[in-house]
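Residues per chain are reported as follows:
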Amino acid sequence: QEHLVESGGGLVQPGGSTRLSCVASGITFSMYHMDWYRQAPGKQRELVAEITTSGTTDYSDSARGRFTISRDNERNTVYLQMNALKPDDTAVYYCHARIWYADYWGQGTQVTVSS
């Protein structure tokens, strides 16, 4: 019933940009803290960006200055704008919603940065 559906992944060239979207359903979206994680094949899943219910944001060191997380509570959607992409950004990107009693994950979307 609770679903997070991501889109916007694909192949992008180094230095390029793309925007990921995650649409939530089955939850009261405005009450959830939202995160973007990523995981490369041989690496641990890492938190890339997060946004609170009030709109406060935070980023990993690698993302800061290049990525922007935002949310649209009217559309039940969280976004991750990614600029100045590098090959090291290649990973599966996951949307995550959390509240004090539960959390939910999206299916992930592949972002490949390569020329």
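Keep in mind the model is a prediction, meaning the values are calculated, not measured.

J.: Describe the overall build of the chain, with residues and values.
T.: Scanning the chain for helices and strands turns up 0 helices and 11 strands. Helices and strands appear in the chain in the N-to-C order β-β-β-β-β-β-β-β-β-β-β. With the C-alpha coordinates of the chain rotated into their principal frame, the extents come out at 40 × 25 × 25 Å. Across the 115 residues in the chain, those meeting the buried criterion constitute 44%. Pairs at least 24 apart in sequence give 53% of the contacts found in the chain among residues at least 6 apart. Of the roughly 6,100 Å² that the chain leaves accessible, carbon and sulfur atoms contribute 46%. Side chains of the chain give 10 positive and 12 negative charges; the mean places of these two sets differ by 5 Å.

J.: Please give an account of the packing of aromatic side chains that cites residues and values.
T.: Enumeration according to the criterion identifies 4 aromatic pairs in this entry. Their ring planes at 50° and their centres at 6.2 Å tell us that Y32 and Y104 sit as a pair that is tilted. Placement of the pair is Y32 in the loop between strand 3 (18–25) and strand 4 (33–39) and Y104 in strand 10 (residues 102–105), with a sequence separation of 72 residues. Taken individually, Y32 and Y104 each receive the classification buried, so the pair is uniform in this respect. Seen in terms of ring centroids, Y94 and W105 are 6.4 Å apart; in terms of plane orientation they differ by 85°. Their pairing is edge-to-face. One end of the pair, Y94, is in strand 9 (residues 91–99); the other, W105, is in strand 10, and 11 residues separate them in sequence.

J.: Could you give an account of the pairing of strand 11 (residues 109–113), naming the residues involved and the relevant values?
T.: Burial of strand 11 is one-sided: the residues T109, V111 and V113 facing one way are buried, the residues Q110 and T112 facing the other way are not. Bridge count between strand 2 (residues 10–12) and strand 11: 3 bridges; the pairing is parallel. Counterpart to L11 in the pairing with strand 11 is T112. In terms of strand pairing, strand 9 meets strand 11 through 3 bridges, oriented antiparallel.

The rules behind each value
Residues numbered from 1 in each chain as written. Predicted model: local features only at pLDDT ≥ 70, side-chain atom pairs only at ≥ 80, totals over all residues. Heavy atoms only, no water. Helix = DSSP H or I, 4+ residues; strand = E, 2+ residues; numbered from the N terminus. Buried < 20%, exposed > 50% of the residue type's maximum accessible area, 1.4 Å probe, protein only. Contact = heavy atoms within 4.5 Å. Areas by Shrake-Rupley, 256 points an atom, 1.4 Å probe, with all protein chains shown as cover. Lys, Arg positive; Asp, Glu negative; His and termini not counted. Charge placed at Lys NZ, Arg CZ, Asp CG, Glu CD. Phe/Tyr/Trp six-rings, centres within 6.5 Å; stacked < 30°, edge-to-face > 60°. Pairing = 2+ DSSP bridges.

Nothing here speaks to function; it is geometry throughout.
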